[in-house]
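A structural walkthrough
The lines below spell out each chain.
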Amino acid sequence: MSPPEASRRTAVRAGALSFGAGLLMGAVYWALDLSSPAPPLLGLAGLAGIVLGERAATAVRDSRVRRLSPPHDEGTTRVH
């Protein structure tokens, strides 16, 4: 299995587990006759904020790592 395929499978698995956890919590709320603590639109806005914040933090971390790491030699060494 190639690395991109493994990464995609991991992402799909994580998404499926997240969706399943949401369904389970929905069933618990239903069984306990509770309503959602936030209106659906507000909840979706919060989730969007979480996703965007995670992406921004990852981008900042990656840019700092690239800036702090020395340039890589691609194996093209010259003999003088």
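Since we're looking at a predicted model, the values are computed, not measured.

Focus on the overall build of the protein chain
The secondary structure content of the protein chain amounts to 2 helices and 0 strands. Every one of the 80 residues in the protein chain was classed for burial, and the buried ones make up 0%. Accessible surface for the protein chain amounts to roughly 7600 Å². Of this, 67% is attributable to carbon and sulfur atoms.

Quick notes on the pattern of salt bridges
Following the criterion strictly, the structure yields 2 salt bridges and no others. One salt bridge connects Asp 62 with Arg 61, and the closest N-O pair in it is separated by 3.4 Å.

Remarks on a nonpolar patch on the surface
A contiguous nonpolar patch, built from Leu 24, Met 25, Val 28, Leu 32 and Leu 34 and spanning about 470 Å² of accessible area, is present on the exposed surface. Within the secondary structure layout, Leu 24 lies in helix 1 (residues 3–31).

Some remarks on unusual backbone geometry
When glycine is set aside, most residues are seen to have a negative phi, and most peptide bonds are trans. Look at Asp 33: it is not a glycine, yet its phi comes out positive at around 55°. For Asp 33, the position within the fold is in the loop between helix 1 and helix 2 (40–68). Using a relative accessible area of 72% as the deciding quantity, one classes Asp 33 as exposed.

Cut-offs applied
Residues numbered from 1 in each chain as written. Predicted model: local features only at pLDDT ≥ 70, side-chain atom pairs only at ≥ 80, totals over all residues. Heavy atoms only, no water. Helix = DSSP H or I, 4+ residues; strand = E, 2+ residues; numbered from the N terminus. Buried < 20%, exposed > 50% of the residue type's maximum accessible area, 1.4 Å probe, protein only. Areas by Shrake-Rupley, 256 points an atom, 1.4 Å probe, with all protein chains shown as cover. Salt bridge = Lys/Arg side-chain N within 4 Å of Asp/Glu carboxyl O. Patch = residues over 30% accessible without salt bridge, like charges linked within 9 Å, V, L, I, M, F, W, Y side chains within 5 Å.

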